[in-house]
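# Chains, contacts and geometry: an overview
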Amino acid sequence: MANVDLMGGDAQRIRSQYQSSLQRDASDDEVSGWLSGSFGGGGVNDWINQISASDEARQRGTYKPDSGNPPAGGVVGNQSPGESGTGNQTPYQNTDWWSQQGVPTTDMFDPNTGQMKPGWQRTGQGYERTTTTNSPWDVDPKGNFQNWFLQNTAGLAPSGRALEGLAPYLSKFGIKLGGRNAQGMIDTIVTPDGQRWDVIESATMDGGKRWQWTPAGSGSSAGGVGGGTLPGNQYTDQYTQLLESLIKSRIGTLQQPVNDPNRAMYEQALKSRADSLAMGNTQLTQLMDYLQKRFTELQGPGYTGAENEVIRTGALDPIETDRSAAKKRVMERLSARGLTPDSGIAQQALLEVDKAFDGMRGTAQTTLTTNDLNRREDRQQRATAIGGQMVDINDARSREQLDVFQALEMLSQTMRGEEEARSREAIGYAGGLNDLSAQRLQLAMAAAGMGGNPSSLMSGLTQIAGLNQNAAAINRSNSGSMWSGLGSVMAILAGSR
């Protein structure tokens with residue numbers, strides 16, 4: 001049950017109207033349905049009018065076309081202030097009642113004379129303005145609510161707040177706003193045939209993707225098993241009437257939409273995630289751009305040309321510097337011994353120095369080449385890993401999107417299963433109501449000593465009908481014989497004369 005005040009002033013007005021118009025008590029579920037907006041918006045005054053003009057009130061004979069008139073002290077009977085005609089005239093005084101209806105009384109009636117001002121007229125549905133406008137909302141949709149609604153909202157930004165602002169235009173043609181969802185927002189409407197329509201895609205209170213016309217039955221806001229308006233109570237016995245009211249109250253509850261705030265929030269979260277996965281986001285785009293750039297860079301050589309020169313210079317120049325220093329030391333030692341640079345001993349010594357440093361240079365170059373190859377391989381492996389990550393990111397998002405759609409489908413299946421169960425339960429209760437007549441007849445027959453099976457009554461009625469037919473045949477036969485006898489007597493009398 002919605003979190004509403006079942007003992008507040010609005011609730012008491014609803015209960016009082018049920019007693020007055022429906023001649024029965026309102027159940028807590030019914031009161032909660034009105035106060036929570038599940039039966040439609042409009043406020044307590046609109047709810048009171050709906051109850052007083054309901055099919056049940058009409059069946060009970062309590063509905064009168066002017067039942068929406070203000071109480072004594074305002075308009076009396078079918079007359080408005082200042083109108084001529086028979087009946088008692090009461091000056092226009094009860095301005096509070098009209099204010100509750102949202103109508104400034106100074107706009108409708110002259111406060112001094114009580115006369116209706118120009119631009120207003122009284123109709124069977126109440127007081128209406130006679131001035132016409134060129135608003136497309138005033139054009140009768142003639143039952144084609146979808147085209148009428150979508151055409152008129154074409155230039156209007158979709159939002160829950162905008163939809164609530166359309167309530168006066170929709171109500172002119174019997175369209176009501178749906179109940180508020182878990183976020184406290186209205187995004188559905190109810191057409192006069194009782195069908196609910198989701199009219200804002202991805203709605204928020206101040207935004208939405210677009211206006212739409214979708215049956216409000218694909219998610220947790222799906223609702224009702226249908227069946228139309230419940231008939232009035234058929235029994236006057238208090239206990240049977242109580243049972244009938246309880247059963248009908250339960251059927252009425254089953255006819256209303258399933259309102260599970262937690263499931264509605266879960267559904268909305270899934271839809272938001274599905275939209276996010278479909279559209280992407282700025283951070284994801286930046287990440288994919290960076291990974292693509294890095295993937296391209298890593299496919300090049302281990303070192304660029306400039307990098308290679310710097311590394312080779314840093315590795316080989318110290319060797320050449322040390323080579324020159326070593327040759328200088330060798331020549332200094334040989335000169336001290338009196339040997340010249342062109343002597344065989346000096347030349348051999350210098351060759352040994354070159355041989356040692358050439359080996360060091362070759363080792364350094366091999367190391368540089370090996371490092372370049374290793375770096376190139378490492379970069380290739382990293383490029384492969386990044387390429388795999390980019391593929392995995394897209395695949396993971398696609399898989400998550402499918403998982404979200406699957407979750408939404410499971411939620412929808414759960415909802416359909418609940419609706420099936422609610423439908424079967426409502427049919428069961430309706431069968432119980434239908435069986436009440438047979439049960440009461442059975443009890444009456446048992447009390448009269450005619451047995452407890454209504455079929456025995458039918459047998460008795462059949463026998464009585466047969467006896468009546470036999471009696472009618474006998475009467476017809478006797479009547480024919482009588483007229484025949486009378487004819488014979490008249491002939492004898494005529495002959496005797």
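Scroll up to find the structure this text is about.
As a starting point, this report considers the structure included with it. Everything quoted here is computed from the prediction, not taken from an experiment.

Turning our attention to the overall build of the protein chain. When helices and strands are tallied, the protein chain shows 15 helices and six strands. Here the protein chain holds 497 residues, and 30% of them are scored as buried. Of all intrachain contacts in the protein chain linking residues separated by at least 6 positions in sequence, the fraction that spans at least 24 positions is 57%.

Right, let's get into the sheet that holds strand β3 (residues 176-177). With antiparallel pairing, the four strands of this open sheet are ordered in space as β3-β4-β5-β6. With partners counted over all chains shown, the strands left at the sheet margins are β3 and β6 (210-215), one partner each. In terms of strand pairing, β3 meets strand β4 (residues 188-190) through two bridges, oriented antiparallel. Following the sheet pairing, L177 is matched in β4 by I189. Helix α7 (residues 145-152) contacts β4, β5 (196-201) and β6 of the sheet and is inclined by roughly 165° relative to β6.

Along the chain, Y169 turns up in helix α9 (residues 167-171). Here Y169 falls in the partly exposed class, since its relative accessible area comes to 34%.

Enumeration according to the criterion identifies 19 salt bridges in this entry. Close ionic contact of E425 with R250 constitutes a salt bridge, the shortest N to O distance being 3.0 Å. One end of the pair, E425, is in helix α14 (residues 344-447); the other, R250, is in helix α10 (residues 238-255), with 175 residues separating them in the sequence. Given a relative accessible area of 30%, R250 falls into the partly exposed group. What emerges from the salt-bridge pattern is a single network uniting E320, R323, K327, D354, D358 and R361.

Remark: helix α13 (residues 305-336) packs on α14, axes separated minimally by 10 Å, with the N-to-C direction vectors making an angle of 165°. Relative to α14, the element α13 lies roughly antiparallel. When you trace α13 past α14, the crossing you get is right-handed. Among the residues forming the contact of α13 with α14, the class breakdown is 17 nonpolar, one polar and eight charged.

Let us now look at the packing of aromatic side chains. Applying the stated criterion to the full structure yields eight aromatic pairs. Ring centres 6.4 Å apart and planes at 70° place the aromatic pair W137 and F149 in the edge-to-face group. Of this pair, W137 sits in the loop between β2 (126-129) and α7 while F149 is found in helix α7, placing the two residues 12 residues apart along the sequence. Ring centres of F149 and W213 lie 5.7 Å apart, and the angle between their planes is 50°; on these two criteria the pair is classed as tilted. Of the two residues, F149 sits in helix α7 while W213 sits in strand β6, which places them 64 residues apart along the sequence. We classify F149 as buried; its relative accessible area is 1%. The rings of W137, W148, F149, Y169, F173, W197, W211 and W213 are connected pair by pair, giving a single aromatic cluster.

The rules we used
Residues numbered from 1 in each chain as written. Predicted model: local features only at pLDDT ≥ 70, side-chain atom pairs only at ≥ 80, totals over all residues. Heavy atoms only, no water. Helix = DSSP H or I, 4+ residues; strand = E, 2+ residues; numbered from the N terminus. Buried < 20%, exposed > 50% of the residue type's maximum accessible area, 1.4 Å probe, protein only. Contact = heavy atoms within 4.5 Å. Pairing = 2+ DSSP bridges. Axes fitted to C-alpha atoms, helices over the stretch in contact; angles between N-to-C directions. Salt bridge = Lys/Arg side-chain N within 4 Å of Asp/Glu carboxyl O. Parallel < 35°, antiparallel > 145°, perpendicular 65-115°, else oblique. Left-handed = near helix turned anticlockwise from the far one by under 90°. Nonpolar A, V, L, I, M, F, W, Y, C, P; charged D, E, K, R; others polar. Phe/Tyr/Trp six-rings, centres within 6.5 Å; stacked < 30°, edge-to-face > 60°.

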